Amino acid sequence: MTVVEQDLPAGEETALVNWLNGGDARPTFAPPRPSDRGVDGWPTLVDNVETLAHVALIARHGAAAYRQAGEVDEPGTILVTARGALARPGIHELAIGSPLGPLLGPEPTGAVLIGGYFGTWLSPDQARAADLSNRALRPLGASIGCGLVAALPVGHCPLHEVDAVLAWLAANSAGQCGACVNGLPVLSHAFAELAAGDRTGSAAAGLDRWTPMVAGRGACKLPDGAVRFLASARVAFADHIETHRRSGPCPPNRTTTLPTPPLEGWR
Amino acid sequence: MSARIVINPITCDGHGLCAELLLELIELDDWGYPMLRSAEVPPHLEAAARRARSLCPTLALLLAGNG
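The rules behind these values
- Residues numbered from 1 in each chain as written.
- Chains lettered and ligands numbered in written order.
- Predicted model: local features only at pLDDT ≥ 70, side-chain atom pairs only at ≥ 80, totals over all residues.
- Heavy atoms only, no water.
- Helix = DSSP H or I, 4+ residues; strand = E, 2+ residues; numbered from the N terminus.
- Rg over C-alpha atoms; globule rule 2.2 N^0.38 Å.
- Contact = heavy atoms within 4.5 Å.
- Buried area = accessible area lost by both parts, 1.4 Å probe.
- Salt bridge = Lys/Arg side-chain N within 4 Å of Asp/Glu carboxyl O.
- Polar contact = N/O pair within 3.5 Å; in protein donor to acceptor, adjacent residues only side chain to side chain.
- Nonpolar A, V, L, I, M, F, W, Y, C, P; charged D, E, K, R; others polar.
- Axes fitted to C-alpha atoms, helices over the stretch in contact; angles between N-to-C directions.
- Parallel < 35°, antiparallel > 145°, perpendicular 65-115°, else oblique.
- Left-handed = near helix turned anticlockwise from the far one by under 90°.
- Buried < 20%, exposed > 50% of the residue type's maximum accessible area, 1.4 Å probe, protein only.

## Here's the deal with the overall build of chain B
- Within chain B, the regular secondary structure consists of two helices and four strands.
- Mapped in sequence order, the helices and strands of chain B form the string β-α-β-β-α-β.
- Its C-alpha atoms give chain B a radius of gyration of 11 Å, within 12% of the compact-globule value 11 Å for 67 residues.
- Counting only C-alpha atoms, chain B reaches 30 × 20 × 15 Å along its principal axes.

Right, dumping it as structure tokens:
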């Protein structure tokens, strides 16, 4: 067993393999994918621990027993990380297809981020009506992703949260690919300008111009994920963005829901 | 079956030679890095594509297929 440095790209499968082969914990160019040639040149299976725990359950109890939870096409359970202004923050094992309403709880919430920092923002009403399955979330442009369900408090400015996450993603890339190294900070700055009140529309124009220059052009999915998160925010918070444009930004939020911790990094 | 251009985004340093040699297929983003208009190399551009591959200062431009 080995301990990998705590860094944003380090968990990506080619980064992990590169680290185990004696290199940096940073993504490498594929092909070859690790499943073809990975650690010491051998085909390598990369899974997270949650997947292996499910496999162990299936091996012990059988597929039929495993399928008693979840849905036909998405059987079993998932580990949901619930954060923020909802009933029970923490990690919960839920059957796939569980309704989100009870997880959010009886009190009103602000917008809800589903899937992680590469995920999708839903309105409180959308989130309350949704089930936690890809089948139910796909029509909303969302997916289970890494299992994050984060609810902002009522009255908190979502743009401050999005701004902080975008800046964090930009600061914590592997720093290898031009579109990401240049594009993510540029997108982050443009969003910060949008959040500050985009009177001339130049921030929105910049985001429109640079978003297609960033997505899909890295060695890993970080730029794609950041673009998805940003694009979702621009749609979900269009009214709020317009309010900032007309009246200036909201005051800082009393608390922060989405963590942006400093990482050790390969630097 | 024609050759396909593949650019290694890690090795690429944005020198931009490829865009000069293959302007029909490659344009540069706002930071000087290549964006593929089309990855498929038509027959009349195969020689230019091979030249771009050998002249790329970081050997980041690759040709997949029978290029």
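So much for the structure itself; the text now carries on.
## Considering the interface of chain A and chain B
- Contacts between the two partners involve 17 residues from chain A and, on the opposite side, twelve residues from chain B.
- Summed over both partners, the interface of chain A with chain B buries about 1,200 Å², with 66% contributed by carbon and sulfur atoms.
- For the chain A face of the interface with chain B, the top three residues by lost area are Phe29, Met213 and Arg217 of chain A, together amounting to 49%.
- Summed over the shared surface of chain A and chain B, the number is two salt bridges.
- With a shortest N-O distance of 2.7 Å, Asp30 of chain B and Arg209 of chain A are connected by a salt bridge.
- Run the count over chain A and chain B and you get five residue pairs in polar contact (both at pLDDT 80 or more).
- Going through the elements one at a time, α8 (178-197) and α9 (202-214) of chain A are the ones with two or more residues in the side of chain A that touches chain B.
- Looking at the side of chain A that touches chain B, the element that brings in the most residues is α8 of chain A, giving five residues.
- By residue class, the composition of the side of chain A that touches chain B is nine nonpolar, six polar and two charged.

## Description of the packing of α8 of chain A against α9 of chain A
All names here are of chain A.
- Close contact between α8 and α9 brings their axes to 9 Å; oriented N to C, the two are set at 155°. Regarding the angle of α8 to α9, the classification is roughly antiparallel. α8 and α9 meet at a crossing whose hand is left-handed. Taking contact as the criterion, the partners of Ala179, Gly183, Leu184, Val186, Leu187, Ala190, Phe191, Glu193 and Leu194 in α8 are, on α9, Ala203, Ala204, Leu207, Trp210, Thr211, Met213 and Val214.
- Of the residues assigned to the contact of α8 with α9, the class counts are 13 nonpolar, two polar and one charged.

## Some details on unusual backbone geometry
Residue and element names in this part refer to chain A.
- Residue Ala30 is joined to Pro31 through a cis peptide bond whose omega torsion reads 15°.
- Positionally, Pro31 belongs in the loop between α1 (13-20) and α2 (49-61).
- Look at the link from Pro31 to Pro32: it is a cis peptide, with omega at 5°.
- With respect to the helices and strands, Pro32 occurs in the loop between α1 and α2.
- Of note, Asp40 is a non-glycine position whose phi angle comes to about 55°, a positive value.
- By the secondary structure assignment, Asp40 is in the loop between α1 and α2.
- Using a relative accessible area of 65% as the deciding quantity, one classes Asp40 as exposed.

By themselves these figures say nothing about function.
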